[in-house]
Every structure is written in structure tokens, then in C-alpha cells.
Amino acid sequence: MRFETHYTRNEARALLPEVRKWLKRLVDLRDQLDRHEKRLANMMAPGKDLGGEKVNAWVRALTEIKTVLMEFHRRDIQIKDLDRGLVDFPAIIDDKEVFWCWEQEEDDIEFWHELDTGYAGRERISGEDL
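Each value, and the rule that gives it
- Residues numbered from 1 in each chain as written.
- Predicted model: local features only at pLDDT ≥ 70, side-chain atom pairs only at ≥ 80, totals over all residues.
- Heavy atoms only, no water.
- Helix = DSSP H or I, 4+ residues; strand = E, 2+ residues; numbered from the N terminus.
- Buried < 20%, exposed > 50% of the residue type's maximum accessible area, 1.4 Å probe, protein only.
- Contact = heavy atoms within 4.5 Å.
- Areas by Shrake-Rupley, 256 points an atom, 1.4 Å probe, with all protein chains shown as cover.
- Phe/Tyr/Trp six-rings, centres within 6.5 Å; stacked < 30°, edge-to-face > 60°.
- Polar contact = N/O pair within 3.5 Å; in protein donor to acceptor, adjacent residues only side chain to side chain.
- Core = buried A, V, L, I, M, F, W, Y, C linked by side-chain atoms within 4.5 Å.
- Pairing = 2+ DSSP bridges.

Draft legend 1. Summary view of the overall build of the protein chain. If you tally the helices and strands in the protein chain, you get two helices and five strands. Each helix (α) and strand (β) of the protein chain, taken in turn from the N terminus, gives the series α-α-β-β-β-β-β. Oriented by its inertia axes, the alpha-carbon framework of the protein chain measures out at about 65 × 25 × 25 Å. Looking at the protein chain as a whole, 38% of its 130 residues qualify as buried. Residue pairs in contact within the protein chain that sit at least 24 positions apart in sequence constitute 48% of those at least 6 positions apart. Here the protein chain has roughly 8100 Å² of accessible surface; of this, 49% comes from carbon and sulfur atoms.

Draft legend 2. Region of interest: the packing of aromatic side chains. Here the structure, examined in full by the defined rule, presents three aromatic pairs. Between F3 and F99, the ring centres sit 5.4 Å apart and the planes meet at 65°, which makes this aromatic pair edge-to-face. Placement of F3 in the segment before α1 (9-43) and of F99 in strand β3 (residues 96-103) is noted, with a sequence separation of 96 residues between them. Judged by relative accessible area, F3 falls into the buried class, the value being 13%. The buried category is assigned to F99, whose relative accessible area is 2%. Look at W22 and F72: their rings are 5.4 Å apart centre to centre, the planes differ by 70°, and that puts the pair in the edge-to-face class. Here the residue W22 occupies a position in helix α1, and F72 occupies one in helix α2 (residues 53-73), the gap between them amounting to 50 residues.

Draft legend 3. Molecular detail of the environment of D81. The topology assignment puts D81 in strand β1 (residues 78-81). A sequence separation of 22 residues divides D81 from E103, and the C-alpha atoms of the two residues are 9.0 Å apart. In terms of polar contacts, D81 uses its side chain to reach the backbone amide nitrogen of D83, at 3.0 Å.

Draft legend 4. Looking closely at the nonpolar core. V19, F72, I77, F89, W100, W102 and I109 are the most contacted members of the largest nonpolar core, which totals 25 residues. Within the residue set of this core, elements represented by two or more residues are α1, α2, β2 (86-93) and β3. The element best represented in this core is α1, accounting for nine residues. The contacts of F89, once residues within four sequence positions are left out, are Y7, A12, L15, L16, V19, I77, V98, F99, W100, W102 and I109.

Draft legend 5. Main features of the sheet that holds strand β5 (residues 123-124). Pairing in this open sheet of five strands is antiparallel, and the strands run β1-β2-β3-β4-β5 from one edge to the other. One side of each edge strand has no neighbouring strand; the edge strands of this open sheet are β1 and β5. Alignment of strand β4 (residues 111-114) against β5, held across two bridges, turns out to be antiparallel. Among the inter-strand pairings, W112 is bridged to a residue of β5, identified as E123.

So far we have only geometry, and geometry alone does not tell us how the molecule works.
The following block contains the structure:
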């Protein structure tokens with residue numbers, strides 16, 4: 001097995017409210033980081049002193065991104081595409097390790113795919129898969 005944690009569909013569903021919050025926070029933080037980096041780029045010319053509140057804000061954003069990413073990592077939840085909010089939860093179907101596949105715009109977890117097929121291999125969950 002490649003993953004230590006495996007989710008039932010109901011366990012993954014129960015995490016969706018938190019996952020939605022984490023994804024939104026990551027997108028917000030990424031945008032903040034981009035703004036900070038643009039400001040800092042202007043200050044990185046030779047002979048300029050780089051420091052102060054702008055650098056501190058950049059470091060805080062990086063630290064918070066790491067904190068949110070750890071929420072996913074410690075649960076073995078995979079972020080596949082942040083912009084789409086595409087997330088995979090390790091699962092077992094018919095004694096085989098797979099992913100429950102969910103996109104942020106979807107109301108429920110309705111798809112799964114094999115570990116190596118990715119989004120292109122998504123299949124709708126049938127009663128037999130549960």
C-alpha cells in the first residue's frame with residue numbers, strides 16, 4: 001500500500017467542509033504571496049536594503065501556506081490542482097488502493113480513479129464501489 005490512511009466515502013465526505021476552507025485559504029494566501037513577491041521584486045535591485053514589514057508579511061504568508069498544506073499532508077489528502085480545487089482521498093475499493101476524486105465545484109464525492117490514472121481515469125461511483 002502506498003498510503004497509510006484510507007477513507008471511506010463517508011469519511012471523505014465529512015472532511016469536505018474543512019477541505020473547502022483550506023483550499024480557499026490556500027488560494028487567498030497564494031494571491032497574497034504573489035502580491036508580496038511583486039512588491040519585493042522592486043526592492044531587490046543591487047544596493048537596496050531588503051527587510052522590514054514587507055519581508056515579514058511575505059514570510060508570514062509562506063508560513064501560513066505551509067501550515068495549511070500540512071493539514072492535507074498529515075491526512076494523506078492529495079491536492080492535484082489548486083485552481084480547480086481538485087483533491088484525491090486515498091481509499092480502498094475491492095481490496096485495491098484507489099482515490100476518491102473530488103473537485104471543489106462538486107457537491108459530493110461522486111468519482112474515483114486508480115492511483116496512476118489521474119483525472120482522465122475518473123469513473124462514477126456505483127453502488128458496487130461502496
